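Chain by chain, the residues run as shown.
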Amino acid sequence: MKFSMTENGFSGDLPFGELAVSTNEEYGFRPYQLLVASLAVCSAGIIRKVLEKQRMPAEDIQVEVKEITRIDEEAGRVSKVHLHFLIKGDINDSKMPRVMELTRKNCSMVRSVEDSIEIVETYELV
């Protein structure tokens, strides 16, 4: 992975395509947005896999980022992210606490920040 400086930020040539990153969202994704997106999509992907292994495949999973707390005095550090999962399918609600536990344990992005960012994960079966 390689990123090169552009007039308004940086551009990365990645296997899937070009990724524009900038502190100004008019010119690319802001770094904190990529961090939060990584947490959300990694967790949702693990939920999907866990549900499949438990023979309760999801028809759809959406992730709402309910809250992002940043600390201005610490260079805008992200201190809290609340992810809310909307899960559609024939899912046994009594098994969801274990699904969420396994998700937290197996999401590499959440594990990478668990000592510095509070991650709140809630779900709703729709």
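Note that the coordinates shown come from a computational prediction; the quantities given were computed from them, not determined experimentally.

Undergrad: Got a sec to walk through the pattern of salt bridges? Specific residues and values, please.
TA: Applying the stated criterion across every chain, the model contains seven salt bridges. Ionic pairing is found between R48 and E52, a salt bridge with its closest N-O pair at 3.8 Å. Separated by four residues within a single helix, R48 and E52 lie in helix α1 (residues 31-53), roughly one turn from each other. Given a relative accessible area of 52%, R48 falls into the exposed group. Between R98 and E101 there is a salt bridge whose closest N-O contact spans 2.9 Å. With R98 and E101 both in helix α2 (residues 96-106) and three residues apart, the pair spans about one turn of that helix.

Undergrad: So what about α2? Which residues, and what values?
TA: Turning to α2, its buried residues are M96, V99, M100, L102 and T103. In a view along the axis of α2, the buried residues occupy a sector of 165°, so they form one face of it. Structural note: α2 exposes P97 and K105 on the side pointing more than 90 degrees away from its buried face. Those residues of α2 hidden inside the fold are in contact with α1, β5 (77-88) and β6 (118-125).

Undergrad: Please provide a residue-by-residue account of the sheet that holds strand β2 (residues 10-14), values included.
TA: Strand order in the open sheet formed by three strands is β1-β2-β3, with antiparallel pairing between adjacent strands. Because the sheet does not close on itself, it has two edges, and the strands there are β1 (2-5) and β3 (17-21). The average angle at which neighbouring strand axes cross in this sheet is 25°, direction not considered. Relative to β3, β2 is paired through five bridges, and the arrangement is antiparallel. The residue bridging D13 from the neighbouring strand is E18, located in β3.

Undergrad: Can you explain the packing of aromatic side chains? Please cite residues and give values.
TA: Counted by the stated rule, this structure contains zero aromatic pairs. One cation-aromatic arrangement involves R70 over Y32; the distance from NZ or CZ to the ring centre is 4.2 Å.

So, how was this worked out
- Residues numbered from 1 in each chain as written.
- Predicted model: local features only at pLDDT ≥ 70, side-chain atom pairs only at ≥ 80, totals over all residues.
- Heavy atoms only, no water.
- Salt bridge = Lys/Arg side-chain N within 4 Å of Asp/Glu carboxyl O.
- Helix = DSSP H or I, 4+ residues; strand = E, 2+ residues; numbered from the N terminus.
- Buried < 20%, exposed > 50% of the residue type's maximum accessible area, 1.4 Å probe, protein only.
- Arc of directions from axis to C-beta.
- Contact = heavy atoms within 4.5 Å.
- Pairing = 2+ DSSP bridges.
- Axes fitted to C-alpha atoms, helices over the stretch in contact; angles between N-to-C directions.
- Phe/Tyr/Trp six-rings, centres within 6.5 Å; stacked < 30°, edge-to-face > 60°.
- Lys NZ or Arg CZ within 6 Å of the ring centre and 35° of its normal.

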